[in-house]
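So you can see what is in the structure, the chains are spelled out below.
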Amino acid sequence: GCIVVLLIKTTTRPLLLTSILVIITILAYTSLFIRSSHHSLSRTRTALHNSNLKNTISPRYSTLHLKTTMPEQKLPFVQIRKIKAGIEQSEGQGARVVRTIGSRAIEDVLDPFLLLDEFNVKLPSRFSDHPHRGFTTVTYMLEGTFTHRDNAGHSGTIPKGGVQWMNAGRGIIHSETPGPGPVNRGLQLWINLAAKDKMSKPDYQEYAADQLPKKKLDNGAHLTVVAGKSHGIESPIKLTTLVQYTHIEDLPKGEEYEEVIPEGYQGFIYVISGKGEILENEDDKSRAINTKAIMIFNETKEGSRLRIRSVGDKPLEFAIVAGTPLKEPVSRYGPMVMNTNEEIEQAFLDYHSGKFTST
């Protein structure tokens, strides 16, 4: 108002005065319109927001809201690399083993796993003194007993259902002798150590059957978690290389077992007895696997399902083992596993010069 009065007093040209008044009037109405539109838009947004809140909270609309924004997603199946029968061969002094990893005819190395043997040994057969360096041996007894002695003064007997987790580290010399019974049967698994752990001090973890977590499943099968976690239970084994190791017994004909394999793991399923089918997808496509055979699966890109169905006349028994690949160079000769050939040569020099001790 003050501007208009000032212009009237100071302006002598009527045309100019008229033009200025018109411009001022247009600007005033434009400003009023913009502010009115802004308030109207704000009220509209508030009303819409309140309406959405009511629909989300209301039982009538909440189910629809969840279904459209959170569809159920199932984990993919593991990708099968190969299925192969084990190869029986001689080991130690008169012992026989079925080897499924560690034989070039099947799979030389499945990172981080170096060897898998199912052994069945009775006296006088045995595994006399022999050295190890650079990896972990895992002995899991299915029947009978096995007694271990080493050059560090450690000894112990692994009972049925028990496990010995031996980190050979920078070097150990030991023997393995079957118990007095007619059947002494188990699985021995070799797990590689990362370069930073290969020269660590040797140590042991030993657990009897009643110290390992177990669970009877709804389908009648019995689960033992040897290492890692599965179906809500966890093994007491402390791991240097990450591994999930389960033993499943008594899976009835027609029933299925499913294990979730974590992201970034690869491994295998080994059938101890019975016959099975490994499912590949939701359409029930499957591949057969028989006693003393192994199915190797690729490294998972995300959490994945391994599902097996029992189809034989007797219940299915099997082990599932998976772990994180180390992705390091492997140089191996017999019982020594290192990263370079020079390290292997040094290992044998240390062994022959008496440097494989507990210190």
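S.K.: What exactly am I supposed to notice about the side chain of Asn-192 here?
M.R.: Note on placement: Asn-192 falls in strand S11 (residues 185–192). The buried category is assigned to Asn-192, whose relative accessible area is 4%. A polar atom in the side chain of Asn-192 sits 2.7 Å from the side chain of Lys-198. Other than its neighbours up to four places away in sequence, Asn-192 contacts Pro-112, Leu-114, Gly-134, Phe-135, Lys-198, Thr-241, Leu-326, Val-330 and Val-337.

S.K.: Would you mind going over the pairing of S11 with me for this structure?
M.R.: Along any regular strand the residues' side chains alternate between the sheet's two faces. Among the eight residues of S11, eight are classified as buried, and the element is accordingly described as predominantly covered. Neither face of S11 is open: one carries Arg-185, Leu-187, Leu-189 and Ile-191, the other Gly-186, Gln-188, Trp-190 and Asn-192, and all of them are buried. Where strand S4 (residues 113–120) meets S11, seven bridges bridge the pair, whose relative direction is antiparallel. Its bridge partner lying in S11, Leu-115 is registered against Trp-190. As defined by bridge partners, strand S6 (residues 135–143) adjoins S11 across eight bridges and the pair is classed as antiparallel. Paired with Tyr-140 across the bridge in S11 is Leu-187.

S.K.: Help me understand the environment of Glu-118, please; the structure alone is not making it clear to me.
M.R.: Along the polypeptide, Glu-118 turns up in strand S4. The contact partners of Glu-118, leaving out residues within four places of it in the chain, are Arg-96, Val-97, Val-98, Arg-185, Gly-186, Leu-187, Tyr-270, Ile-272 and Lys-292. Within the structure, Glu-118 has its side chain in polar contact with the side chain of Tyr-270 (distance 2.6 Å).

S.K.: Looking at this structure, how should I read the sheet that holds strand S5 (residues 127–132)?
M.R.: Paired through their backbone hydrogen bonds, the strands of a sheet run either parallel or antiparallel. Spatially, four strands are ordered S5-S10-S7-S8 in an open sheet, and the strand pairing comes out antiparallel. Bordering the open sheet on either side are S5 and strand S8 (155–158), each of which pairs with just one other strand. The average undirected angle you get between the axes of adjacent strands in this sheet is 25°. As judged from the four bridges shared by strand S7 (residues 146–150) and S8, these two strands associate in the antiparallel manner. Of the residues in S8, the one forming a bridge with His-148 is Gly-156.

S.K.: What should I look at first to understand the pattern of salt bridges in this one?
M.R.: Close approach of charged atoms allows side chains of opposite charge to pair. If you walk through the whole model with that rule in mind, you get 17 salt bridges. Where Glu-258 meets Arg-305, a salt bridge forms, and the shortest distance between an N and an O atom there is 3.8 Å. With Glu-258 in strand S18 (residues 256–261) and Arg-305 in strand S23 (residues 304–310), the pair connects residues that are 47 residues apart, well separated along the chain. A residue is classified by how much of its surface remains accessible, and Glu-258, at 28% relative accessible area, is partly exposed. The exposure class of Arg-305 is buried, given its relative accessible area of 8%. The salt bridge involving Arg-309 is made with Glu-277; its shortest N-O contact spans 2.8 Å. Taken together, the residues span a long stretch of sequence, with Arg-309 in strand S23 and Glu-277 in strand S20 (residues 276–279) at a distance of 32 residues. Judged by its relative accessible area of 13%, Arg-309 is buried. Looking at Glu-277, the relative accessible area reads 23%, which means it is partly exposed. Three or more residues are tied together by salt bridges with common partners; here these are Glu-256, Glu-258, Glu-277, Glu-282, Asp-284, Arg-305, Arg-307 and Arg-309.

S.K.: Help me understand the sheet that holds S6 in this model?
M.R.: Strand order across the open sheet formed by seven strands is S2-S3-S4-S11-S6-S9-S12, with antiparallel pairing between neighbours. Among the strands making up the open sheet, the edge pair consists of strand S2 (87–91) and strand S12 (203–207). When strand polarity is set aside, the average angle formed by the axes of neighbouring strands in this sheet is 20°. When S6 meets strand S9 (residues 163–167), the two strands line up antiparallel, connected through five bridges. Bridge pairing in S9 places Val-138 opposite Trp-165.

Rules used in this analysis
Residues numbered from 1 in each chain as written. Predicted model: local features only at pLDDT ≥ 70, side-chain atom pairs only at ≥ 80, totals over all residues. Heavy atoms only, no water. Helix = DSSP H or I, 4+ residues; strand = E, 2+ residues; numbered from the N terminus. Buried < 20%, exposed > 50% of the residue type's maximum accessible area, 1.4 Å probe, protein only. Polar contact = N/O pair within 3.5 Å; in protein donor to acceptor, adjacent residues only side chain to side chain. Contact = heavy atoms within 4.5 Å. Pairing = 2+ DSSP bridges. Axes fitted to C-alpha atoms, helices over the stretch in contact; angles between N-to-C directions. Salt bridge = Lys/Arg side-chain N within 4 Å of Asp/Glu carboxyl O.

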